[in-house]
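Close look at the chain arrangement
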Amino acid sequence: LAHPLDKDRMALEQMAGLRQIFQKSVVARRDLPQGVLLRAEDLTVKKPGTGIPAGEFKRVVGARLLRDGKKDQLLAPSDIEFSGEPLEKP
(Lines give C-alpha, C1' and ligand atoms only; values in the text may rest on other atoms or scores of the structure.)
Protein backbone atom coordinates (compact mmCIF):
# COMPACT_ATOMS: atom_id res chain seq x y z
CA LEU A 1 0.00 0.00 0.00
CA ALA A 2 2.90 2.35 0.60
CA HIS A 3 4.08 1.95 -3.02
CA PRO A 4 1.04 1.68 -5.30
CA LEU A 5 1.66 0.46 -8.85
CA ASP A 6 -0.45 1.12 -11.91
CA LYS A 7 -0.12 -2.33 -13.46
CA ASP A 8 -2.35 -1.48 -16.42
CA ARG A 9 -0.14 1.49 -17.38
CA MET A 10 3.00 -0.57 -16.90
CA ALA A 11 1.63 -3.36 -19.11
CA LEU A 12 0.74 -0.89 -21.86
CA GLU A 13 4.18 0.69 -21.82
CA GLN A 14 6.18 -2.53 -21.56
CA MET A 15 4.13 -4.55 -24.03
CA ALA A 16 3.70 -1.92 -26.78
CA GLY A 17 6.28 -3.59 -29.04
CA LEU A 18 4.74 -7.02 -28.62
CA ARG A 19 1.26 -5.63 -29.24
CA GLN A 20 2.33 -4.40 -32.69
CA ILE A 21 3.80 -7.79 -33.54
CA PHE A 22 0.67 -9.73 -32.57
CA GLN A 23 -2.01 -7.34 -33.82
CA LYS A 24 -3.07 -7.37 -37.45
CA SER A 25 -3.13 -4.80 -40.26
CA VAL A 26 -5.06 -4.46 -43.51
CA VAL A 27 -3.10 -5.87 -46.48
CA ALA A 28 -3.70 -6.34 -50.20
CA ARG A 29 -4.95 -9.85 -50.98
CA ARG A 30 -3.61 -9.56 -54.55
CA ASP A 31 -1.64 -7.07 -56.66
CA LEU A 32 -3.75 -3.91 -57.01
CA PRO A 33 -3.30 -1.00 -59.42
CA GLN A 34 -3.20 2.61 -58.30
CA GLY A 35 -6.63 4.25 -58.41
CA VAL A 36 -8.67 1.10 -57.82
CA LEU A 37 -11.69 1.32 -55.52
CA LEU A 38 -11.00 -1.25 -52.83
CA ARG A 39 -13.46 -4.09 -52.33
CA ALA A 40 -13.59 -6.51 -49.42
CA GLU A 41 -12.39 -9.24 -51.80
CA ASP A 42 -9.21 -7.20 -52.46
CA LEU A 43 -8.22 -7.04 -48.80
CA THR A 44 -7.37 -9.26 -45.85
CA VAL A 45 -5.69 -8.81 -42.47
CA LYS A 46 -2.30 -10.15 -41.40
CA LYS A 47 0.40 -9.62 -38.80
CA PRO A 48 2.16 -7.35 -37.86
CA GLY A 49 -0.06 -4.53 -36.67
CA THR A 50 2.11 -1.71 -38.00
CA GLY A 51 -0.16 -0.62 -40.88
CA ILE A 52 -3.85 0.28 -40.96
CA PRO A 53 -5.38 -1.55 -37.96
CA ALA A 54 -7.63 -4.52 -38.77
CA GLY A 55 -10.46 -2.71 -36.97
CA GLU A 56 -10.47 -0.15 -39.82
CA PHE A 57 -11.16 -2.85 -42.46
CA LYS A 58 -14.77 -1.79 -43.18
CA ARG A 59 -13.71 1.84 -43.43
CA VAL A 60 -11.07 0.98 -46.07
CA VAL A 61 -13.59 -0.87 -48.28
CA GLY A 62 -14.78 1.58 -50.95
CA ALA A 63 -11.70 3.78 -50.63
CA ARG A 64 -9.36 4.57 -53.53
CA LEU A 65 -5.80 3.24 -53.55
CA LEU A 66 -3.31 6.08 -54.10
CA ARG A 67 -0.40 3.84 -55.18
CA ASP A 68 0.10 0.36 -56.62
CA GLY A 69 -0.32 -2.32 -53.98
CA LYS A 70 1.48 -5.65 -53.99
CA LYS A 71 0.05 -8.93 -52.69
CA ASP A 72 0.50 -9.29 -48.90
CA GLN A 73 1.84 -5.72 -48.60
CA LEU A 74 0.67 -3.69 -45.60
CA LEU A 75 -1.42 -0.67 -46.50
CA ALA A 76 -0.51 2.58 -44.81
CA PRO A 77 -3.02 5.35 -44.04
CA SER A 78 -1.26 7.55 -46.61
CA ASP A 79 -2.01 4.92 -49.31
CA ILE A 80 -5.79 5.30 -48.99
CA GLU A 81 -8.19 8.06 -50.05
CA PHE A 82 -11.94 8.14 -49.83
CA SER A 83 -14.27 10.96 -50.79
CA GLY A 84 -11.20 12.97 -51.81
CA GLU A 85 -9.71 12.81 -48.29
CA PRO A 86 -6.73 10.68 -47.23
CA LEU A 87 -7.40 8.24 -44.37
CA GLU A 88 -4.70 10.05 -42.43
CA LYS A 89 -3.70 13.63 -43.12
CA PRO A 90 0.07 14.20 -43.43
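Before reading further, recall that the structure is shown in the block above.
Residues numbered from 1 in each chain as written. Predicted model: local features only at pLDDT ≥ 70, side-chain atom pairs only at ≥ 80, totals over all residues. Heavy atoms only, no water.

1. Observations concerning the overall build of the protein chain
When helices and strands are counted, the protein chain shows three helices and five strands. Mapped in sequence order, the helices and strands of the protein chain form the string α-α-β-β-α-β-β-β. With 90 residues in all, the protein chain has 23% of them scored as buried. A separation threshold of at least 6 residues defines the contact pool for the protein chain, and within that pool the share at least 24 residues apart is 54%. (Helix = DSSP H or I, 4+ residues; strand = E, 2+ residues; numbered from the N terminus. Buried < 20%, exposed > 50% of the residue type's maximum accessible area, 1.4 Å probe, protein only. Contact = heavy atoms within 4.5 Å.)

2. Thoughts on the nonpolar core
Ranked by size, the top nonpolar core spans eleven residues in total: Val26, Ala28, Leu32, Leu38, Leu43, Ile52, Val60, Ala63, Leu65, Leu75 and Ile80. The contact partners of leucine 43, leaving out residues within four places of it in the chain, are Val26, Val27, Arg29, Leu38, Phe57, Val60, Val61 and Leu75. (Core = buried A, V, L, I, M, F, W, Y, C linked by side-chain atoms within 4.5 Å.)

3. Section: unusual backbone geometry
The omega angle of the peptide bond from lysine 47 to proline 48 is 0 degrees, so this bond is cis rather than trans. Note that proline 48 resides in the loop between β2 (43–46) and α3 (57–60). With a phi close to 70 degrees, aspartate 72 is a non-glycine residue in the positive phi region. Its place among the elements puts aspartate 72 in the loop between β3 (64–65) and β4 (80–82). Of the residues examined, aspartate 72 reaches a relative accessible area of 39% and is grouped as partly exposed.

4. Some remarks on the pairing of strand β1 (residues 25–28)
Neither face of β1 is left uncovered, since the one carrying Ser25 and Val27 and the one carrying Val26 and Ala28 both have all their residues buried. Pairing of β1 with β2 involves four bridges; the strand directions are antiparallel. Its bridge partner being in β2, alanine 28 is matched across the sheet by leucine 43. (Pairing = 2+ DSSP bridges.)

5. Let's talk about the pattern of salt bridges
Tallied over the entire structure, the rule returns six salt bridges. One salt bridge in this structure joins aspartate 42 and arginine 30, with 2.8 Å as the shortest N-O distance. Of this pair, aspartate 42 sits in the loop between β1 and β2 while arginine 30 sits in the loop between β1 and β2; the two residues are twelve residues apart in sequence, bridging distant segments of the chain. The salt bridge involving arginine 67 is made with aspartate 79; its shortest N-O contact spans 2.7 Å. Of this pair, arginine 67 sits in the loop between β3 and β4 while aspartate 79 sits in the loop between β3 and β4, placing them twelve residues apart in sequence. With a relative accessible area of 23%, arginine 67 lands in the partly exposed category. Each of the salt bridges in this network shares a partner with another, and the network as a whole consists of Arg30, Arg39, Glu41 and Asp42. (Salt bridge = Lys/Arg side-chain N within 4 Å of Asp/Glu carboxyl O.)

6. Topic: the side chain of threonine 44
Within the fold, threonine 44 resides in strand β2. Aside from chain neighbours lying at most four places away, what touches threonine 44 is Ser25, Val26, Val27, Arg29 and Phe57.

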